[in-house]
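# Structural features, examined
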Amino acid sequence: MTVVLVAPLLFWGCPKENPPSKPRATVSKTTRPIDPPPLVVAAFNGERAMDHVKKQIDFGPRPPDTEQLAKTRAYITNELKSYGLAVSLDEFTAKTPQGEKKMANIVAEIPGETKTLILITSHYDTKFYKDMSFVGANDPAASVGTLIEIGRVLGSQKEKPKATYRLVFFDGEESICEGWSECGDEENPDNTYGSRHYVSQLHARNEIESTRAMILLDMMGYRNLELGRDPLSTRWLQDIIWQTGRALGYDKVFLDRTEGVGGDDHEPFLAAGVPAVDIIQLTSYPHWHRADDTIDKVSAQSMRIVGETILASLPKITEYIIKNNPQKVPSMKTIQE
Ligand SMILES: [Zn+2]
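Residues numbered from 1 in each chain as written. Predicted model: local features only at pLDDT ≥ 70, side-chain atom pairs only at ≥ 80, totals over all residues. Heavy atoms only, no water.

The protein atoms that coordinate the zinc ion are D139 (OD), E174 (OE) and H289 (NE2), at distances spanning 1.9 to 2.2 Å. Its relative accessible area of 5% is what places E174 among the buried residues. Taking the relative accessible area as the measure of exposure, H289 reaches 16% and is therefore buried. (Donors = N, O, S within 2.8 Å, 3.2 Å for Na, K, Ca; no water. Buried < 20%, exposed > 50% of the residue type's maximum accessible area, 1.4 Å probe, protein only.)

Looking now at the side chain of H289. Tracing the sequence through the fold places H289 in the loop between β8 (276-280) and α7 (300-324). A distance of 3.2 Å separates a polar atom in the side chain of H289 from a polar atom in the side chain of E174. Within the local environment of H289, its side chain forms a polar contact with the side chain of W288, the two groups lying 3.3 Å apart. (Helix = DSSP H or I, 4+ residues; strand = E, 2+ residues; numbered from the N terminus. Polar contact = N/O pair within 3.5 Å; in protein donor to acceptor, adjacent residues only side chain to side chain.)

Attention now goes to the packing of aromatic side chains. For the structure on display, the rule yields seven aromatic pairs. A ring pair is formed by Y129 and F134, whose centres lie 5.6 Å apart and whose planes are at 70°; its orientation type is edge-to-face. Neither residue differs from the other here; Y129 and F134 are each classed as buried. Between Y222 and Y285, the ring centres sit 4.8 Å apart and the planes meet at 75°, which makes this aromatic pair edge-to-face. Here the residue Y222 occupies a position in the loop between β5 (211-218) and β6 (227-229), and Y285 occupies one in the loop between β8 and α7, the gap between them amounting to 63 residues. For Y285, a relative accessible area of 3% corresponds to the buried category. An aromatic cluster is defined as three or more aromatic residues linked by ring pairs; in this entry it consists of F170, Y198 and F269. Note that R196 overlies the ring of Y193, its terminal NZ or CZ placed 5.2 Å from the centroid. (Phe/Tyr/Trp six-rings, centres within 6.5 Å; stacked < 30°, edge-to-face > 60°. Lys NZ or Arg CZ within 6 Å of the ring centre and 35° of its normal.)

Overall, mixed pairing links the six strands, which are arranged β1-β2-β4-β3-β5-β8 in an open sheet. On the outer flanks of this sheet lie β1 (86-96) and β8, each paired with one strand and no other. Across the sheet, the mean angle from the axis of one strand to that of its neighbour is 20°, orientation sign disregarded. Here helix α2 (residues 67-82) sits on the sheet and contacts β1, β2 (99-110) and β4 (164-170); the angle it forms with β2, its principal contact strand, is near 10°. Helix α4 (residues 193-204) rests against β1, β2, β3 (117-123), β4 and β5 of the sheet, and its axis sits at about 115° to β1. (Pairing = 2+ DSSP bridges. Axes fitted to C-alpha atoms, helices over the stretch in contact; angles between N-to-C directions. Contact = heavy atoms within 4.5 Å.)

This part is about helix α3 (residues 137-155). The end-to-end C-alpha separation of α3 is 25 Å, in line with the 27 Å expected for 19 residues at 1.5 Å each. Within α3, 17 of the 19 residues are buried, which leaves the element mostly enclosed by the surrounding structure. (Expected span 1.5 Å × (residues − 1).)

Within the element layout of this structure, Q281 appears in the loop between β8 and α7. A relative accessible area of 1% means that Q281 is categorised as buried. For the pair Q281 and E226, spaced 55 residues apart in sequence, the C-alpha separation works out to 6.5 Å. Look past the residues within four positions of Q281 in its chain and what remains in contact with it is D218, M219, Y222, N224, L225, E226, L227 and E259. Within the structure, Q281 has its side chain in polar contact with the side chain of S284 (distance 2.9 Å).

This part takes up the state of the cysteines. Throughout this description, disulfide means a covalent bond between two cysteine sulfur atoms. Counted according to the given criterion, the structure contains one disulfide. Paired by a disulfide, C177 and C183 hold their sulfur atoms 1.9 Å apart. When the S-S torsion is -95°, as for the bridge of C177 with C183, the disulfide is left-handed. On the basis of relative accessible area, C183 is assigned to the buried category, the value being 19%. (Disulfide = S-S within 2.5 Å.)

Structure representation (structure tokens):
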């Protein structure tokens, strides 16, 4: 594809605004690069992400509008604030098959030099089950833990990034009814409540045009991590992440096979023309929506692999947007026609 594969060493140079005064080739006179920029990628700590998974599971099942999810929200918010990030809640009431439910997306911003917005996201609710204690270690505690840790790393960066990064934790991704499309209709689907509301907020605040990329983490903490390509995702964005992951040595994780999931929280963004990618392991995760989606199924290493890859991809995504100015993706409807 159009993205050039680069050696991992070159990532250290990416966040710099100005090119070095001498061409890089002259560095070869010495045995190591002069004055290497901070090793941002190395800072992601899988054990910290794992600790966030434990904390979420300790709250119990966490469906929308429950005390358990409120506790989870407070935990995520406090963590992000402790890293110096500005955190806000996007609160709304959703009409669900169980009646009106209070929901809230959590938003944390890392201001950049420009208003170009890149969103890194995950849902943080667990699916409601009447007769099952579902704690969702991989769905979604691991992606939430990874996103919190990404927030810590980004918050610790000394230099402002070129693009503004926003971490968004969506409420109400899971359907209230057992099946994804069992309840609701096309106008009012019974799923992705938080992401649909957040897109409406981006429209209302005239931010939809400046939102140039959306990265979704959903079920990426399995100890046997294998990520296929979701065919709905925007190809250039997916390519940058896949190629970056492979360049970091994770070629056994970032696979070319299709992960045919469709839907998910990236769909409302794609429908609004925002390039979006879903990083998900669904078809080869045997514990999906089962009582045994427990902490022993996820690993610190898997979360680190995804966390490092996303952190290393962010400057490359920004670079791609600046260089190529990719236009709005066709809406979902256009794709289906
Ligand atoms: Zn789920």
